[in-house]
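# Chain and residue survey
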Amino acid sequence: MLEKRNPSKLGLAQAYSLSKRGEGPNPIDIHVGQRLRLRRTLLGLSQETLGEAVGITFQQLQKYERGANRISASRLFNLSQVLGVPVTFFFDDLPASESALVPDEPSETQEFESMARRETLELVRAYYRIPEDAVRRRTFELVKTLAGDGEDSAKAG
């Protein structure tokens, strides 16, 4: 008779539990979907364009981005290739524990998504079109100073 072994006694980490039917999307699926949306937005791709590139409808991509549908390993790999990021990108900033996935305050990803507006994207794209590294760096320092974040860099420089 096989005995059931306790994973912690074997030195294994506690696994995330999967959400059960009726509980809503799994927090990990939501996080992966947010990272997918973040990368798509940063590249200026529409859901339709990305969907066509990987052979799915924009409605399916919407479900992935909301975490309503789980992304298979092969689809995630395909998306990472099209978006030019490693598969690990989708798991970056993932908290170490499941309890940390329940947000008390906005996560970095959610905070960034709120800034991922057209104006922000246009500013970032214009910044990277500045050909001279020194001018680009000075522009960066200027913007930080105007925002009130330049004090630390002024002391370091």
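## A few points about the overall build of the protein
A tally of helices and strands in the protein yields eight helices and zero strands. Element order for the protein, N to C, with α for helix and β for strand: α-α-α-α-α-α-α-α. Put simply, the protein has 157 residues, and 25% of those count as buried. When contacts within the protein are restricted to residue pairs at least 6 apart in sequence, long-range pairs at least 24 apart make up 61% of them. If you sum the accessible surface of the protein, you get close to 11600 Å²; carbon and sulfur atoms cover 54% of it.

## Let's talk about helix α4 (residues 73–83)
Buried residues of α4: Leu 76, Leu 79, Ser 80 and Leu 83, and no others. All buried residues of α4 project into a common sector of 100° when viewed along the axis, lining one side. Facing away from the buried side of α4, by more than 90 degrees, are the exposed residues Ser 74 and Gln 81. Buried-residue contacts for α4 involve α1 (27–42) and α2 (47–54). Remark: Gly 84 follows α4 within two positions and exhibits a positive phi of approximately 70°.

## Quick look at the pattern of salt bridges
Tallying each qualifying case throughout the model produces six salt bridges. Of the charged contacts, one joins Asp 29 and Arg 70 as a salt bridge, the two residues approaching to 2.8 Å between their closest N and O atoms. Of this pair, Asp 29 sits in helix α1 while Arg 70 sits in the loop between α3 (58–66) and α4, and the two are 41 residues apart along the sequence. Residue Arg 40 pairs with Glu 65 through a salt bridge whose shortest N-O separation is 2.6 Å.

## Looking at the packing of α2 against α3
Relative to each other, α2 and α3 sit at 100°, their axes nearing to 8 Å. Between α2 and α3, the interaxial angle falls into the category roughly perpendicular. Contacts between α2 and α3 pair Gln 47, Glu 48, Leu 50 and Gly 51 from the former with Phe 58, Leu 61, Gln 62 and Glu 65 from the latter. Considered class by class, the residues forming the contact of α2 with α3 number three nonpolar, three polar and two charged.

## Re the confidence of the model for the protein
Residues at a pLDDT of 70 or more form 68% of the protein, whose mean pLDDT is 79. Mean pLDDT values over the elements of the protein span from 50, in helix α8 (residues 151–156), up to 96, in α4. Throughout residues 153–157 the model reports pLDDT below 50, and contacts reaching past four residues in sequence, or to other chains, amount to two contacts.

## Remarks on the environment of Gln 62
With respect to the helices and strands, Gln 62 occurs in helix α3. A relative accessible area of 28% places Gln 62 in the partly exposed class. Each C-alpha atom, one on Gln 62 and one on Gln 47, is 7.3 Å from the other, the two residues being 15 residues apart in sequence.

Cut-off values and rules
Residues numbered from 1 in each chain as written. Predicted model: local features only at pLDDT ≥ 70, side-chain atom pairs only at ≥ 80, totals over all residues. Heavy atoms only, no water. Helix = DSSP H or I, 4+ residues; strand = E, 2+ residues; numbered from the N terminus. Buried < 20%, exposed > 50% of the residue type's maximum accessible area, 1.4 Å probe, protein only. Contact = heavy atoms within 4.5 Å. Areas by Shrake-Rupley, 256 points an atom, 1.4 Å probe, with all protein chains shown as cover. Arc of directions from axis to C-beta. Salt bridge = Lys/Arg side-chain N within 4 Å of Asp/Glu carboxyl O. Axes fitted to C-alpha atoms, helices over the stretch in contact; angles between N-to-C directions. Parallel < 35°, antiparallel > 145°, perpendicular 65-115°, else oblique. Nonpolar A, V, L, I, M, F, W, Y, C, P; charged D, E, K, R; others polar. pLDDT = per-residue confidence, 0-100.

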